[in-house]
Amino acid sequence: MKILIVGSGGREHAIAWKVAESPRVDKIYCAPGNAGIAGCAECVSIGAMEFDRLADFAEENKIDLTVVGMDDPLVGGIVDVFEARGLRIFGPRKNAAILEGSKAFSKDLMKKYGIPTAAYETFDDPKKALEYLKTAPMPIVLKADGLALGKGVLICNTPEEAEAGVREIMMDKKFGSAGNQMVVEEFMTGREVSVLSFVDGNTVKIMTSSQDHKRAQDGDQGLNTGGMGTFSPSPFYTEEVDAFCREHIYQATVDAMKKEGRTFKGIIFFGLMLTPKGPRVLEYNARFGDPETQVVLPRMKNDIVDVFEACVDGRLNEIELEFEDNAAVCVVLASDGYPVKYEKGFKIKGLEKFEGKDGYYVFHAGTKFDQDGDIVTNGGRVLGVTATGATLKEARANAYEATEWIDFANKYMRHDIGKAIDDV
Ligand code: AMP
Ligand code: GLY
């Protein structure tokens, strides 16, 4: 089989690595890819939003299946373009990817179908939002409706902060048209858990749980980032939590989308908060998480190509998902200054130390080849260093040991990824 993967980050590297393990696969392409992905796939310089060029490539190269890692092309309708040309592709159509593409849509869906989530109001008029926020209970959460690279969420502690937030999102349009509408949401407390799932339109199969660390600095301080590290499984995702979510959240979401005429095929990423009142949906994503994928896929036993195909063909009920009875931790090596301002183009040393080491992985996020053919930093998040272990503690020790094998000029990382697990 020939597979095309669309995307260029650590998540896509993890997907490409996992696809490469399949004995059914002869050739992998990745558009546009990065220097690490080039180790297991042929990178093609076509952008993820160039749907017609990607479809031309798939046709010309007789690609059997295209897998989309990123949210933008999914929300933009890449799947519809491929399907209209008779090309096989894994992911939700545009009318289903709206589950991630519009927070107002997903909140209304949850309300209509009784799926547990925070109470909310939606506004498209900033004046009405400002009026409402004068008397709303604080803290309160403001969310730009559309895609904003995970940065369109503001937690406000005072009415003044909330007012400034409305200006940022709806008036100054800091997140562009994503701020045409805004969701104002009740502030919740509790542990966050990420649950990724495969969906074939009717059946949903849950992968092992994980947790992301979104803030830039140790102790969950600093700005929100795309994710500074993950661990899997989450010890907070107990059997009781799992049973609740199976009963009230997972299948209910898939059924609701079908009833709305928006049958969902692909990945649903359930962002959950385990509140004192029980699990609540924080957000939905219509794709794998980054860097959740970097800890979930190394623990997955199935041939992922079988699972992708079962989703596309609507026979996921035939698949039993299996995960290793171990744990994994991913520590992101970033460029110092991320997510605000950072330099790039520094040579990365030590990548070869991962070769042949079972249970250790280095997934590239922002890397490229320089003129000399050396691999250099090319983004805020540079690498995701993942290690497995029998327990979370062991996996964490292994991952941090492996972060020492890598060196580049402005290397930055958090030192407390997975530390919360010491509390249990
Ligand atoms: P989201 O993009 O919706 O997942 O929001 C980003 C982050 O903001 C989440 O991972 C939470 O840490 C935080 N957050 C979002 N919604 C709420 C809420 N209703 N209450 C408390 N924290 C929230
Ligand atoms: N790690 C969070 C996300 O992928 O949205």
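Description of the structure in this document. Computed from a prediction, not measured in an experiment: that's the story for all the values here.

Here is what the cut-offs are and how they apply
The numbering scheme is per chain: residues are counted from 1 as the chain's sequence reads. Chain letters start at A and ligand numbers start at 1, both assigned in the order the entries are written. Local features in this predicted model are restricted to residues of pLDDT 70 or higher, and side-chain atom pairs are both shown and tallied only at a pLDDT of 80 or more, whereas totals for entire chains, interfaces and linings draw on every residue. Excluded from the side-chain calculation are hydrogens and water; included are all heavy atoms of the structure. Secondary structure elements follow DSSP: runs of H or I no shorter than four residues count as helices, runs of E no shorter than two count as strands, and numbering proceeds from the N terminus. As defined in this context, the radius of gyration uses C-alpha atoms, and a globule is described by 2.2 Å times the residue total to the power 0.38. A 1.4 Å probe rolled over the protein chains alone gives each residue an accessible area, and that area as a share of the maximum for its type sets the label: buried under 20%, exposed over 50%, partly exposed in between. Two residues qualify as a contact provided that any one of their heavy atoms is within 4.5 Å of a heavy atom in the partner residue. Residue-level accessible areas treat just the shown protein chains as cover; the underlying method is Shrake-Rupley with a 1.4 Å probe. The charge count includes Lys and Arg as positive and Asp and Glu as negative, but it does not include His or the ends of the chains. Just so you know, the charge point we use is NZ for Lys, CZ for Arg, CG for Asp and CD for Glu. Put simply, two rings from Phe, Tyr or Trp (the six-membered ring, in Trp's case) pair if the centres are within 6.5 Å, and we call them stacked under 30 degrees between planes, edge-to-face over 60, tilted for the rest. For a ring to carry a charge above it, either NZ of a lysine or CZ of an arginine must fall within 6 Å of the ring centroid while also lying within 35 degrees of the normal to the ring plane. Every axis corresponds to a line fitted to the C-alpha atoms, with the helix fit spanning only the stretch in contact, and the corresponding angles, defined between N-to-C directions, vary from 0 to 180 degrees. Should an angle fall under 35 degrees it is taken as roughly parallel, and over 145 as roughly antiparallel, whereas 65 to 115 is taken as roughly perpendicular and any remaining angle as oblique. A crossing counts as left-handed when the near helix is turned anticlockwise from the far one by less than a right angle, and as right-handed when that turn is clockwise. Throughout, the ten residues Ala, Val, Leu, Ile, Met, Phe, Trp, Tyr, Cys and Pro are labelled nonpolar, Asp, Glu, Lys and Arg are labelled charged, and all others, Gly among them, are labelled polar. We call a residue near a given molecule or strand whenever any one of its heavy atoms falls within 4 Å of it. Identification of polar contacts relies on pairs of N or O atoms within 3.5 Å, with a donor-acceptor requirement for protein atoms, meaning one able to donate a hydrogen and the other able to accept it, and with residues adjacent in sequence counted only if both atoms are side-chain atoms. Two strands pair under a simple rule: DSSP has to find at least two bridges between them. Any carboxyl oxygen of Asp or Glu that lies within 4 Å of a side-chain nitrogen of Lys or Arg is treated as forming a salt bridge with it.

Section: the overall build of the chain
Summing up its helical and strand segments, the chain has 12 helices and 22 strands in all. Here the C-alpha atoms of the chain give a radius of gyration of 21 Å, agreeing with the 22 Å that 2.2 N^0.38 yields for 424 residues. Expressed as a percentage of its 424 residues, the buried residues of the chain come to 58%. Restricting to contacts in the chain with at least 6 residues of sequence separation, those with at least 24 account for 68%. By element, 46% of the accessible surface of the chain is carried by carbon and sulfur atoms, the whole surface being about 17700 Å². Mean positive and mean negative side-chain charge positions of the chain (51 and 66 charges, respectively) differ by 3 Å.

Concerning the packing of aromatic side chains
Applying the stated criterion across every chain, the model contains 14 aromatic pairs. Put simply, the rings of Phe90, Phe198, Phe288 and Phe308 touch in pairs and so form one group of aromatic residues. Geometry around tryptophan 405 places lysine 357 over its ring, the cationic atom sitting 4.7 Å from the centre.

Comments concerning the packing of helix 7 (residues 126-135) against helix 8 (residues 159-171)
Between helix 7 and helix 8, the least distance of the axes is 10 Å, while the angle of their chain directions is 165°. Between helix 7 and helix 8, the angle is such that the two are roughly antiparallel. As for the relative orientation of helix 7 and helix 8, their crossing is right-handed in sense. Contacts from Pro126, Ala129, Leu130 and Leu133 of helix 7 reach helix 8 at Pro159, Ala162, Glu163, Val166, Met170 and Met171. Of the residues assigned to the contact of helix 7 with helix 8, the class counts are 9 nonpolar, no polar and 1 charged.

Here we look at the site of ligand 2
By nearness alone, every residue bordering ligand 2 is listed as Asp212, Gly226, Phe269, Asn285, Arg287, Gly289, Asp290, Pro291 and Glu292. Between aspartate 290 and ligand 2, the recorded distance is 2.9 Å, taken from a backbone N or O atom to an oxygen atom. In the environment of ligand 2, a nitrogen atom lies 2.8 Å from a nitrogen or oxygen atom belonging to the side chain of glutamate 292. Against a free-state accessible area of 200 Å², the protein chains account for coverage of 90% of ligand 2. Partitioned by chemical class, the residues of the shell around ligand 2 number 2 nonpolar, 3 polar and 4 charged.

Looking at the site of ligand 1
Close contacts around ligand 1 come from 13 residues, with Glu185, Glu186, Met188, Glu192 and Glu283 the closest. Contact between ligand 1 and lysine 143: an oxygen atom at 3.0 Å from a side-chain N or O atom of the residue. In this structure, lysine 214 approaches ligand 1 through a side-chain N or O atom, which is 3.0 Å from an oxygen atom. Burial of ligand 1 by the surrounding chains reaches 92%, relative to a free accessible area of 470 Å². If you list the elements that add at least two residues to the shell around ligand 1, you get strand 7 (140-144), strand 8 (153-156), strand 9 (182-186) and strand 16 (278-285). In the shell around ligand 1, the residues fall into 6 nonpolar, no polar and 7 charged.

What about the side chain of serine 234?
With respect to the helices and strands, serine 234 occurs in the loop between strand 14 (229-232) and helix 9 (239-259). Sequence-distant contacts of serine 234, that is, excluding residues within four places in its chain, are made with Val193, Ser209, Ser210 and Gln211.

Concerning the sheet that holds strand 4 (residues 65-68)
Strand pairing in a sheet is mediated by backbone hydrogen bonds. Such pairs are either parallel or antiparallel. One open sheet accounts for 5 strands, arranged 3-2-1-4-5; its pairing is parallel. Whereas interior strands pair on both sides, the edge strands pair on one side only; in this sheet they are strand 3 (42-43) and strand 5 (89-90). Its contacts with the sheet place helix 1 (residues 10-20) against strand 1 (2-7), strand 2 (27-32) and strand 4, and it is angled at close to 170° to strand 1.

Focus: helix 1
Most of helix 1 is tucked away, with 10 of its 11 residues classed as buried. Gly10, Arg11, Glu12, His13, Ala14, Ile15, Ala16, Trp17, Lys18 and Val19 are the residues of helix 1 that are buried. Its buried side turned inward, helix 1 meets strand 1, strand 2, strand 4, helix 10 (293-296), helix 11 (304-313) and strand 18 (360-364).

Some words on the pattern of salt bridges
This model, assessed by the stated rule, comprises 30 salt bridges. Among the salt bridges present, the one from lysine 347 reaches aspartate 370, with a minimum N-O distance of 2.7 Å. Separated by 23 residues along the polypeptide, lysine 347 in the loop between strand 17 (327-335) and strand 18 and aspartate 370 in the loop between strand 19 (367-369) and strand 20 (375-377) bring together distant segments of the chain. The class for lysine 347 is partly exposed, based on a relative accessible area of 40%. Among the ionic pairs, lysine 347 bridges to aspartate 374, the shortest N-O distance being 3.4 Å. Of the two residues, lysine 347 sits in the loop between strand 17 and strand 18 while aspartate 374 sits in the loop between strand 19 and strand 20, which places them 27 residues apart along the sequence. We classify aspartate 374 as partly exposed; its relative accessible area is 33%. What emerges from the salt-bridge pattern is a single network uniting Arg24, Arg88, Asp306, Glu309, Asp313, Arg315 and Glu318.

Focus on the environment of glutamate 192
Along the chain, glutamate 192 turns up in strand 10 (residues 191-200). Owing to a relative accessible area of 33%, glutamate 192 belongs among the partly exposed residues under this scheme. With 44 residues separating them in the primary sequence, glutamate 192 and phenylalanine 236 have C-alpha atoms 8.7 Å apart. Not counting residues within four places of it along the chain, the set of residues in contact with glutamate 192 comprises Gln211, Lys214, Leu272, Met273 and Leu282.

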